[in-house]
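In case you want the letters, here they are:
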Amino acid sequence: RIIEEAETDQQTFSDFVDYVLSRLEVSGLAVDMERVLLWDNLRSHLTGLVYNTVYGRPSPNQFTFIPRPPYQPKYGPTEYHFAELSAQLQHDVQPEWTVAKNLHTNIGLILDQIGKGGKSHNTFSYCLEDL
């Protein structure tokens, strides 16, 4: 999901986490009911509101989260993809782009080109459905 504000506050992040968890609950993925989320130590990610969104959720799933050390890509390998994506977007962006029209399309095109053999798009295609 894309927001146009420069910072993520606890409410915005909590709403995002709730959205992701809701999607996981109805995904039909053939896996066990335990879901572990991994994110960084940004202050808005570690609030009581976010904690309650994850642990206070009435769900058949057991959700937990693990805050990881500051910028440790080896613990969150998607960080490499986001770095490549960001660099390419900075190179390609045009002043007339809009989020609704151009950003979504260009993210998909860039993901087709980056990662091992251009396979990043497969990793993130599920995420792009809702942009």
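Note: the structure precedes this text.
Values in this document were obtained by computation on a predicted structure and should not be read as measured data. (Residues numbered from 1 in each chain as written. Predicted model: local features only at pLDDT ≥ 70, side-chain atom pairs only at ≥ 80, totals over all residues. Heavy atoms only, no water.)

Chemist: Please clarify how the nonpolar core should be interpreted in this entry.
Modeler: Soluble globular proteins tend to bury their nonpolar side chains together. With 9 residues, the main nonpolar core is built from Phe13, Val17, Leu21, Leu37, Trp39, Val50, Val54, Phe63 and Phe65. Of all the elements in the fold, those that place two or more residues in this core are helix 1 (10-25), strand 1 (34-39), helix 2 (48-55) and strand 2 (62-67). Looking at this core, the element that brings in the most residues is helix 1, giving 3 residues. Excluding its chain neighbours within four sequence positions, the residues that come into contact with Leu21 are Leu37, Thr53, Val54, Arg57 and Phe63. Grouped together as the second largest cluster of nonpolar side chains are 8 residues, Leu89, Ile107, Leu111 and Ile114 included. (Core = buried A, V, L, I, M, F, W, Y, C linked by side-chain atoms within 4.5 Å. Buried < 20%, exposed > 50% of the residue type's maximum accessible area, 1.4 Å probe, protein only. Helix = DSSP H or I, 4+ residues; strand = E, 2+ residues; numbered from the N terminus. Contact = heavy atoms within 4.5 Å.)

Chemist: Looking at this structure, I do not really get the environment of Leu21. What am I missing?
Modeler: Turning to its location among the elements, Leu21 is positioned in helix 1. For Leu21, a relative accessible area of 0% puts it in the buried group. Along the sequence, Leu21 and Leu37 sit 16 residues apart, while their C-alpha atoms lie 9.7 Å from each other.

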